[in-house]
Amino acid sequence: LIIASMVLAACQPQTTTVVETVIVEGTPQVIEVEVTEEVMAPDTLVLCMGQEPETLYSYGGNMLASSQVYEAIYDGTIDNRSFSYQAVILEKLPSLADGDAVINVVTVSEGDTLVDANGGPATLEAGIAYKPAGCSSAECAMTYEGGEVEVDQMVVTFSMFEGLTWSDGTALTANDSVYAFNLVADPDTPWTKYTIDRTASYEAVDDVTIVWTGQPGFLDSVYFANFYSPAPEHVWGQYSALELLEAEESSRNPIGWGAYTIDEWIAGESISLSKNPNYFRADEGLP
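Residues numbered from 1 in each chain as written. Predicted model: local features only at pLDDT ≥ 70, side-chain atom pairs only at ≥ 80, totals over all residues. Heavy atoms only, no water.

**Comments concerning the environment of Tyr228**
Then, in step 1: Inspection of the secondary structure puts Tyr228 in the loop between strand E12 (209-214) and helix H4 (233-236).
Then, in step 2: By relative accessible area, Tyr228 is classed as buried at 12%.
Then, in step 3: For Tyr228 and Gly256, which are 28 residues apart along the polypeptide, the C-alpha to C-alpha distance reads 14 Å.
Then, in step 4: With residues near it in sequence (within four places) discarded, Tyr228 still touches Ser177, Ala180, Phe181, Val184, Thr195, Ile196 and Tyr202. (Helix = DSSP H or I, 4+ residues; strand = E, 2+ residues; numbered from the N terminus. Buried < 20%, exposed > 50% of the residue type's maximum accessible area, 1.4 Å probe, protein only. Contact = heavy atoms within 4.5 Å.)

**Observations concerning the packing of aromatic side chains**
Then, in step 1: On inspection of all chains with the given rule, the structure shows 16 aromatic pairs.
Then, in step 2: On the numbers, 5.4 Å between centres and 75 degrees between planes, the contact of Tyr57 with Trp236 is edge-to-face. Taken together, the positions of Tyr57 in the loop between strand E2 (27-37) and helix H2 (64-73) and Trp236 in helix H4 put the pair 179 residues apart, joining distant regions of the chain.
Then, in step 3: Judged by relative accessible area, Tyr57 falls into the buried class, the value being 0%.
Then, in step 4: Accessibility expressed as a relative area gives 1% for Trp236, which makes it buried.
Then, in step 5: Between Phe181 and Tyr202, the aromatic rings sit 5.0 Å apart at their centres with planes inclined by 15 degrees, giving stacked as the arrangement. Here Tyr202 lies in strand E11 (residues 199-204) and Phe181 lies in helix H3 (residues 174-185), a separation of 21 residues in the sequence.
Then, in step 6: Put simply, the rings of Tyr57, Tyr59, Trp191 and Trp236 touch in pairs and so form one group of aromatic residues.
Then, in step 7: Over the aromatic face of Tyr194 sits the side chain of Arg198, whose NZ or CZ is 3.7 Å from the ring centroid. (Phe/Tyr/Trp six-rings, centres within 6.5 Å; stacked < 30°, edge-to-face > 60°. Lys NZ or Arg CZ within 6 Å of the ring centre and 35° of its normal.)

**Some words on unusual backbone geometry**
Then, in step 1: Cis geometry marks the peptide bond from Gly76 to Thr77, where omega comes out at 15 degrees.
Then, in step 2: Along the polypeptide, Thr77 turns up in the loop between H2 and strand E3 (78-81).
Then, in step 3: A cis amide bond, omega -5 degrees, links Leu286 with the succeeding residue Pro287.
Then, in step 4: Tracing the backbone through its elements, the reader meets Pro287 in the segment after strand E14 (270-275).
Then, in step 5: Located in the positive-phi region is Ser82, a residue other than glycine, with phi close to 55 degrees.
Then, in step 6: Among the secondary structure elements, Ser82 is positioned in the loop between E3 and strand E4 (84-87).
Then, in step 7: Its identity as a non-glycine residue notwithstanding, Phe83 has a phi of 65 degrees, on the positive side.
Then, in step 8: Mapped onto the secondary structure, Phe83 falls in the loop between E3 and E4.

Now the structure itself:
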């Protein structure tokens, strides 16, 4: 309460008493004068970080300092707060209960790719352990001996909000998410390939809809988070995955769809950002 009262007081006009010496008819006199000074809250928020980011390329590193800047220039796509997930630029998180995530029974045969009973990508051949359709534990796994077998396959549909834009005003679409998926899948991108290796397809159905299909046999417990954060293909598309590690547009001054845009990065000193006029929540008075 004491701190709060100090902060509130600091934002109000402050009246102080100043002692001055004046000359009246040649004689010095000491008087007290009340001076009112308008003290307003500043429009700049300063965050002090323990270290400088190595890069601001979202697939080029995982420093905490970088992630703090990402929070300003991106928003979501999915947040994880209070031990649960929240959709940000998606209409909702897909769920098996709602039907925008489903488990289909598919037929696979020798030579097909699937996720084996141990959870790793594999080519189906004699001796491979797999989980038949309806099996979700190691106890019901079987050993492949040839022919056709049935296994489960997950299909998840993600729906983005309409009208999203990048900070430069360019439309942000489902194709930007597909571009990000392909970028992560590129061998030159130093990012985990765990979900990539267990994905059969990642496709844009229209401007706002993405369908993720897992490899047969892969029942992902966090399937609702298998949405790839969009990347600005209209800016980054001119570079290869390897070149993006060093390109100015990705490593020093990336654009996003969040509340702020990067104005300047003075190495060793500061990163300055300002309000994004194209932020999709701007009509709420944010940021």
